Amino acid sequence: LTGVGNYRVLLQRLPAELSHHRRHGRQLALVVVDLDDFKRVNDVFGHQRGNRVLQQVAGSLIGSVRASDVLLRHGGDEFCVVAPDTDRDHAEELAARLRQDLNRVKVEGHSLGACTGCAVFPEDGDDLDQLLALADERLRVSKESKPGLSRSAV
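Throughout what follows, the structure given in this document is the object of discussion. (Residues numbered from 1 in each chain as written. Predicted model: local features only at pLDDT ≥ 70, side-chain atom pairs only at ≥ 80, totals over all residues. Heavy atoms only, no water.)

Attention now moves to the nonpolar core. Val31, Leu35, Val57, Phe79, Leu98, Leu102 and Leu112 are the most contacted members of the largest nonpolar core, which has 28 residues in total. Mapped by element, the contributors of at least two residues to this core are strand E1 (28-35), helix H2 (38-45), helix H3 (47-62), strand E3 (78-84), helix H4 (88-102) and strand E6 (114-121). The residues touching leucine 102, leaving out its near neighbours within four places in the chain, are Val33, Leu35, Val57, Ser60, Leu61, Leu112, Gly113 and Ala114. Core analysis: the next-biggest nonpolar cluster, separate from the first, contains 18 residues, Val82, Ala119, Leu128 and Ala135 among them. (Core = buried A, V, L, I, M, F, W, Y, C linked by side-chain atoms within 4.5 Å. Buried < 20%, exposed > 50% of the residue type's maximum accessible area, 1.4 Å probe, protein only. Helix = DSSP H or I, 4+ residues; strand = E, 2+ residues; numbered from the N terminus. Contact = heavy atoms within 4.5 Å.)

If you want it as structure tokens, here you go:
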């Protein structure tokens, strides 16, 4: 649908990436992106329109990441970026850029918006489960602190 990988790609690629980064003593970031109140887009405009918006989102995200980054749709309205050779500061810069670029995606003239959560190998975790759990926790905290989001979206 979106032209980017899915969760299976994450399961296939990340272990090899982590092994490579572990062997060379390098960092890797996992950034989780969750669209703000996307359920409302589907409810108000229908799933076909929602699918077109997801395609626009994927296009925006593709334009925001490096060629060496792996972008995938984690599920529903959630995307992930695996950013090789990326430390915490650069992961946070990437997350900010992704949010800023997604604000340019419009639905009926309104910015879409998103929240993000980051985890960095090796200090935040040594495997996919640890990194994803921490990135998801940071995403949840980000959503809870964002004004104007419906709590049903959290």
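Moving on, we get to the pairing of E6. With respect to burial, E6 is a largely interior element, eight of its eight residues being buried. Both faces of E6 are covered, namely the face carrying Ala114, Thr116, Cys118 and Val120 and the face carrying Cys115, Gly117, Ala119 and Phe121. Relative to E6, E1 runs antiparallel, the two being bridged by eight bridges. Across the sheet, the residue bridging to leucine 30 is alanine 119, located in E6. (Pairing = 2+ DSSP bridges.)

Remember, this is a structural readout, not a statement about activity or role.
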